[in-house]
2 protein chains.
Amino acid sequence: MSTPVPGPTIYDVAAAAGVATSTVSRAFSNPTRVNATTRERVLAVATELGYRPNPHARALLSGRNHTIAMVVSDITNPHYFELIRGAEMRARASEYTLVLVNAEESPRVEYEQIQRLASSVDGFVLAASRLPDENLRQIAVQRPVVLMSRELAGLSSVVLDHVQGCRQVVEHLASLGHQDVVYLAGPRNSWMAATRWSALRSAAEALGIRATRIGPFTPRVSQGGAAADGALHAGATAIVAHNDLLAIGVLRRLAQRAVRVPDDVSVVGFDNIFAADLCTPTLTTLGGAHADLGRSAVEILLEAVAPVRTKESAPQVVLPTELVLRGSTGPAARPAV
Amino acid sequence: MSTPVPGPTIYDVAAAAGVATSTVSRAFSNPTRVNATTRERVLAVATELGYRPNPHARALLSGRNHTIAMVVSDITNPHYFELIRGAEMRARASEYTLVLVNAEESPRVEYEQIQRLASSVDGFVLAASRLPDENLRQIAVQRPVVLMSRELAGLSSVVLDHVQGCRQVVEHLASLGHQDVVYLAGPRNSWMAATRWSALRSAAEALGIRATRIGPFTPRVSQGGAAADGALHAGATAIVAHNDLLAIGVLRRLAQRAVRVPDDVSVVGFDNIFAADLCTPTLTTLGGAHADLGRSAVEILLEAVAPVRTKESAPQVVLPTELVLRGSTGPAARPAV
DNA sequence: CTGAAAGCGCTAACAA
DNA sequence: TTGTTAGCGCTTTCAG
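In short, a report on the structure. (Residues numbered from 1 in each chain as written. Chains lettered and ligands numbered in written order. Predicted model: local features only at pLDDT ≥ 70, side-chain atom pairs only at ≥ 80, totals over all residues. Heavy atoms only, no water.)

1. Observations regarding the pairing of strand 9 (residues 266–270) of chain B
Residues and elements named next belong to chain B.
Phase 1 of the analysis: Counting buried positions along strand 9 yields five of five residues, so the element is predominantly enclosed.
Phase 2 of the analysis: Residues Ser266, Val268 and Phe270 line one face of strand 9 and the alternating positions Val267 and Gly269 line the opposite face, and both faces are buried.
Phase 3 of the analysis: A crossover links strand 8 (residues 238–241) with its parallel partner strand 9, the connecting element being helix 11 (residues 244–256), and its sense is right-handed.
Phase 4 of the analysis: Here strand 9 pairs with strand 10 (residues 284–288) via three bridges, running parallel. Bridge assignment links Val268 to a residue of strand 10, and that residue is Thr284. (Buried < 20%, exposed > 50% of the residue type's maximum accessible area, 1.4 Å probe, protein only. Helix = DSSP H or I, 4+ residues; strand = E, 2+ residues; numbered from the N terminus. Right-handed = clockwise from strand over helix to strand, strands pointing away. Pairing = 2+ DSSP bridges.)

Below is the structure:
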């Protein structure tokens, strides 16, 4: 089954068209610097022979190969799916190839994979990187980098506006009369987890309600049990989970324990994944245009990889969130007897 | 922000270690054919200098670059997510790089992308390819190919056992007393859609119940409305949707029309996506180990790309399905008055 | 506008 | 076991 076919080279084309290899090369990569007539002849011969430029040879010279890598911290989270989708579409639109790598929530794996790819891709999109700041800075010296769902001074990034978003969440809960909210924290080295907590806490402070953090939890449905129990134990009337998966796990556990949502306790998630609109009750969650995040990250990366306007800046894009109200939040229960 | 750093070459290493470039090369790619002592010295110098082999140069010689592409017919379908996950894990385990491409349900886009990548990747995994047989055969001549969720004589493939699976579905419905099942067909050029229908039909025939097909439908939630209406119009007591997304859309529409599930009509999907267990009612669906599909496809592809045992066959793997019974199927309604 | 020729970094004969 | 020497296919000065 299939043998790597050799394929014609510019030598074959040059010979067949009666020109030098450099002319063939120019006809393809520098069309303006070759006579229109000869160019067309060359191109005609090329297509006739079925010539296709060898990307490896091209990459050897230029060092670039129209390929970028997207490294996601945990591919099992459906939330990333949207990011990947957006990134893939944007990359393809510019005829860039997208390499996908999963870091399995492990900084070590993440770093190793990045180093493995560093010399074979033109740049990196790092989604929710778990690497320490200094590593990121060091990588950014080797290759252009755009961070997603993480910010670091001096590096390009694309994030959702969680300061604003978390405030909305807290205001929503406060307006329902909640006085005690518990945040179920995400992974220890997740920038998002830290950001959400700090945003929630200051919003809570501003509104004069209590905010507690418990965790960290691996943000999976399966962790919802422990998380829910912990939250109830902490005496919360409102639970804000690090993401929708964890929130769904919490809903399950609460149902199991016959705790009514939202009558007894309200639950809020993050990400607005597809399933958030299907679970019972449906989940109130802080969403945003995640595919746009992916798109935007790639767009910024491409600009860094192949600059058009020579602006040497590191844009830090912040996209708006949207609080999607559904069935899992409601008025705070009366203080327990 | 970041300049593509030059980096040391084997010349630098060779000079620093006082050996020839070929020795350096061998020390890396053919360790046995170089004196242990010099090898270690070379490697020491190499790491000291921070030398990393240039993959482009290597690829130029060998024609291979430890990279495979996975082309999915529609990346918006969360079902593919699992396939991608499995494929990525398997590829990474063998230090292969996985390129991800979305074909947007368009055979033209699919073909173009494959041709664009043909000379820069070592092989292809084509997930639910929408290309005509002859195109697939032609591609398989250029590069090793493994099909997923599609079979074609002479090509490697990995599929779930839908003949068996569809029989289970029909038997399940028949055992509940259903006499009329409607299949909501998937895309016209989907091999899976054709396969499912033929398997459903023959199973129905064997059991003496009626099977009708309507469609094709784009398998999205949004198409569930039209699909549900069509199915009711066809007088079905049981609806088998091409996939879970469509099935969920059907459930929504039925709820809207106050048709009770499963009391008035039963609904079955395919894929067992995460959301199938969260919707209301929960969805009976034909699932399978989708991540294993991805894993398996990549495994076969790697064997074709870099053969270990020289077996020149084209394995056609068939993995088992599992019928997941949930709340959307129940006894057939009594014949309408 | 076009051609000749020198490499990009590495591997693979072929010699030594 | 190691070194020498051609290239892989393409781009890019530098002449013409």
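2. Thoughts on the protein's contact with DNA strand C
Phase 1 of the analysis: Surrounding DNA strand C, one finds 24 residues, the nearest of these being Thr23, Asn35 and Leu61 of chain A together with Ile10 and Tyr51 of chain B.
Phase 2 of the analysis: Protein-adjacent atoms of DNA strand C, using a 4 Å cutoff, are sugar or phosphate at a proportion of 58%.
Phase 3 of the analysis: The separation between a base nitrogen of DNA strand C and a polar side-chain atom of Arg26 of chain A is 2.7 Å.
Phase 4 of the analysis: Elements represented by at least two residues in the surface near DNA strand C include exactly helix 2 (21–29) and helix 4 (55–62) of chain A together with helix 1 (10–17), helix 2 (21–29) and helix 4 (55–62) of chain B.
Phase 5 of the analysis: Considering each element in turn, the surface near DNA strand C owes the most residues, four residues, to helix 2 of chain B.
Phase 6 of the analysis: Partitioning the surface near DNA strand C into residue classes produces eleven nonpolar, nine polar and four charged. (Near = heavy atom within 4 Å. Polar contact = N/O pair within 3.5 Å; in protein donor to acceptor, adjacent residues only side chain to side chain. Nonpolar A, V, L, I, M, F, W, Y, C, P; charged D, E, K, R; others polar.)

3. Structural notes on the relation of the copies chain B and chain A
Phase 1 of the analysis: Placing chain B over chain A gives an RMSD of 0.1 Å and needs a rotation angle of 180°, together with 0.0 Å of translation along the axis. Expressed as a symmetry operation, the mapping of one chain copy onto the other fits a two-fold axis. Measuring from the rotation axis to each C-alpha of chain B, the shortest distance belongs to Val99 of chain B, at 2.2 Å.
Phase 2 of the analysis: When the interface residues of chain B are mapped onto chain A, 100% of them again fall at the interface, so both copies present the same face. (Least-squares fit on C-alpha atoms with pLDDT ≥ 70 in both. Contact = heavy atoms within 4.5 Å.)

4. As for the sheet that holds strand 6 (residues 180–184) of chain B
All names here are of chain B.
Phase 1 of the analysis: Strand order across the open sheet formed by six strands is 7-6-8-9-10-12, with mixed pairing between neighbours. What marks the edges here is a single partner per strand, and that holds for strand 7 (210–214) and strand 12 (321–324). Within this sheet the neighbouring strands show an average axis-to-axis angle of 20°, counted without direction.
Phase 2 of the analysis: Those strands touched by helix 11 are strand 6, strand 8, strand 9 and strand 10, and its axis lies near 155° from that of strand 9. (Axes fitted to C-alpha atoms, helices over the stretch in contact; angles between N-to-C directions.)

5. So, the sheet that holds strand 10 (residues 284–288) of chain A
Two strands in a sheet stick together by hydrogen bonds in their backbones, pointing the same way (parallel) or opposite ways (antiparallel).
All names here are of chain A.
Phase 1 of the analysis: Strands sit in the order 7-6-8-9-10-12 across an open sheet of six strands; the sheet is mixed. Strands at the two margins of the open sheet, each flanked by one partner only, are strand 7 (210–214) and strand 12 (321–324). Ignoring which end each strand starts from, the neighbouring axes of this sheet average 20° apart.
Phase 2 of the analysis: For strand 6 (residues 180–184) and strand 8 (residues 238–241), the ladder comprises four bridges, and the chain directions are parallel. Bridged to Val182 within strand 8 is Ile239.
Phase 3 of the analysis: Against the sheet, helix 9 (residues 191–207) touches strand 6, strand 7, strand 8 and strand 9 (266–270), its axis set at about 160° to strand 7.

6. Details of the side chain of Ser129 of chain A
All names here are of chain A.
Phase 1 of the analysis: Within the fold, Ser129 resides in the loop between strand 3 (123–127) and helix 7 (133–142).
Phase 2 of the analysis: Within the structure, Ser129 has its side chain in polar contact with the side chain of Glu110 (distance 2.6 Å).
Phase 3 of the analysis: Those residues within four positions of Ser129 in sequence are excluded, and the remaining contacts are Glu110, Leu136, Arg150 and Asn189.

7. Thoughts on the layout of surface pockets
Phase 1 of the analysis: Here the largest pocket defines a volume of roughly 1500 Å³.
Phase 2 of the analysis: Lining the largest pocket are 47 residues; nearest its centre among them are His56, Asn65 and Thr67 of chain A together with Asn65 and Ser120 of chain B.
Phase 3 of the analysis: Among the elements of the structure, helix 4, strand 2 (97–102) and helix 6 (107–118) of chain A together with helix 4, strand 2 (97–102) and helix 6 (107–118) of chain B are those that each provide at least two residues to the lining of the largest pocket. (1 Å grid on protein atoms, 1.4 Å probe; cavity = no way out; pocket = protein on both sides within 12 Å on 5 of 7 lines; lining within 4 Å. Points joined across faces, edges and corners; volume = space filled by probe spheres on them.)

8. Notes on helix 2 of chain A
Residue and element names in this part refer to chain A.
Phase 1 of the analysis: Thr23, Val24 and Ala27 are the residues of helix 2 that are buried. Along the axis of helix 2, the buried positions cluster into a sector of 100°, meaning they face one direction only.
Phase 2 of the analysis: The inward-facing, buried residues of helix 2 contact helix 1 (10–17) and helix 3 (36–49). (Arc of directions from axis to C-beta.)

9. Thoughts on the interface of chain B and chain A
Phase 1 of the analysis: The interface of chain B with chain A comprises 62 residues on the first partner and 62 residues on the second.
Phase 2 of the analysis: Roughly 5000 Å² of surface becomes buried between chain B and chain A when both sides are summed, with 61% attributable to carbon and sulfur atoms.
Phase 3 of the analysis: One can count four salt bridges joining chain B with chain A.
Phase 4 of the analysis: Here Arg92 of chain B makes a salt bridge to Glu104 of chain A, at a shortest N to O gap of 3.5 Å.
Phase 5 of the analysis: Scanning the region where chain B abuts chain A turns up 16 residue pairs in polar contact (both at pLDDT 80 or more).
Phase 6 of the analysis: For the side of chain B that touches chain A, the secondary-structure elements that each account for two or more residues are helix 4, helix 5 (78–93), strand 2, helix 6, helix 7 (133–142) and helix 11 of chain B.
Phase 7 of the analysis: With seven residues, the single largest contributor to the side of chain B that touches chain A is helix 5 of chain B.
Phase 8 of the analysis: Counted by class, the side of chain B that touches chain A contains 34 nonpolar, 17 polar and eleven charged residues. (Buried area = accessible area lost by both parts, 1.4 Å probe. Salt bridge = Lys/Arg side-chain N within 4 Å of Asp/Glu carboxyl O.)

10. Overview of the packing of aromatic side chains
The description of an aromatic ring pair rests on the distance of the ring centres and on the angle between the ring planes.
Phase 1 of the analysis: Summed over the entire model, instances satisfying the criterion amount to five aromatic pairs over all chains.
Phase 2 of the analysis: An angle of 55° between the planes, with centres 4.5 Å apart, marks the rings of Phe81 of chain A and Phe81 of chain B as tilted. Of the two residues, Phe81 of chain A sits in helix 5 (residues 78–93) while Phe81 of chain B sits in helix 5, which places them in two different chains. The exposure classification of Phe81 of chain A matches that of Phe81 of chain B, with both residues buried.
Phase 3 of the analysis: The ring of Phe270 of chain A has Arg196 of chain A sitting right over it, with the charged end atom 4.2 Å from the ring centre. (Phe/Tyr/Trp six-rings, centres within 6.5 Å; stacked < 30°, edge-to-face > 60°. Lys NZ or Arg CZ within 6 Å of the ring centre and 35° of its normal.)

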